[in-house]
Amino acid sequence: QFSYGVRGSGAAVHFHKFAWNALLYGKKEWILYTPHDSLNSNQHVLEFYRNEIDDSKVKRCVQYPGDIVIVPEAWAHGALNVQDSVAIATEVKRDLWGIRF
């Protein structure tokens, strides 16, 4: 996948199989939830950041150009473009650990 996102855009919180995301340009903030706390949200990621994050359950990281974020299978995650951003990513399409969705 190739993505371009303007500041304030991003990916709503969701989960899927193992994936990675390499940032080529810009800056992103990620939130991640372990499989135990995984969730899906249809809320815009910026609104989710403002209203829904439970800091006791979320892990956070900031991604800069050249960084690769690895998202393990079944970990819920959302990404907010803090700056205009360009990235490439991929998601594995088959089960790695026998987890079915």
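Residues numbered from 1 in each chain as written. Predicted model: local features only at pLDDT ≥ 70, side-chain atom pairs only at ≥ 80, totals over all residues. Heavy atoms only, no water.

Colleague: Could you clarify how one ought to interpret the pattern of salt bridges in this entry?
Modeller: Any two side chains of opposite charge can pair, given that their charged atoms come close. Summed over the entire model, instances satisfying the criterion amount to three salt bridges. Ionic pairing is found between Arg 60 and Glu 29, a salt bridge with its closest N-O pair at 2.9 Å. Separated by 31 residues along the polypeptide, Arg 60 in strand S5 (residues 59–63) and Glu 29 in strand S4 (residues 28–33) bring together distant segments of the chain. On the accessibility criterion, Arg 60 (43% relative accessible area) is partly exposed. For Arg 50, the salt bridge goes to Glu 47, with nearest N and O atoms at 3.2 Å. (Salt bridge = Lys/Arg side-chain N within 4 Å of Asp/Glu carboxyl O. Helix = DSSP H or I, 4+ residues; strand = E, 2+ residues; numbered from the N terminus. Buried < 20%, exposed > 50% of the residue type's maximum accessible area, 1.4 Å probe, protein only.)

Colleague: Quick question: what am I supposed to make of the side chain of Asn 21 here?
Modeller: Mapped onto the elements of the fold, Asn 21 is located in strand S3 (residues 19–25). Beyond its immediate stretch of four places on either side in the chain, Asn 21 contacts Lys 28, Trp 30, Gln 63, Asp 67, Ile 68, Val 69, Ala 87, Ile 88 and Ala 89. (Contact = heavy atoms within 4.5 Å.)

Colleague: Sorry if this is basic, but what is going on with the side chain of Lys 28 here?
Modeller: In this fold, Lys 28 is placed in strand S4. For the buried residue Lys 28, which engages in no salt bridge, the nearest side chain bearing the opposite charge is Asp 84, 12 Å off. Look past the residues within four positions of Lys 28 in its chain and what remains in contact with it is Ser 3, Asn 21, Leu 23, Cys 61, Val 62, Gln 63, Ala 79, Leu 80, Asn 81, Val 82, Ser 85 and Ala 87. (Lys, Arg positive; Asp, Glu negative; His and termini not counted.)

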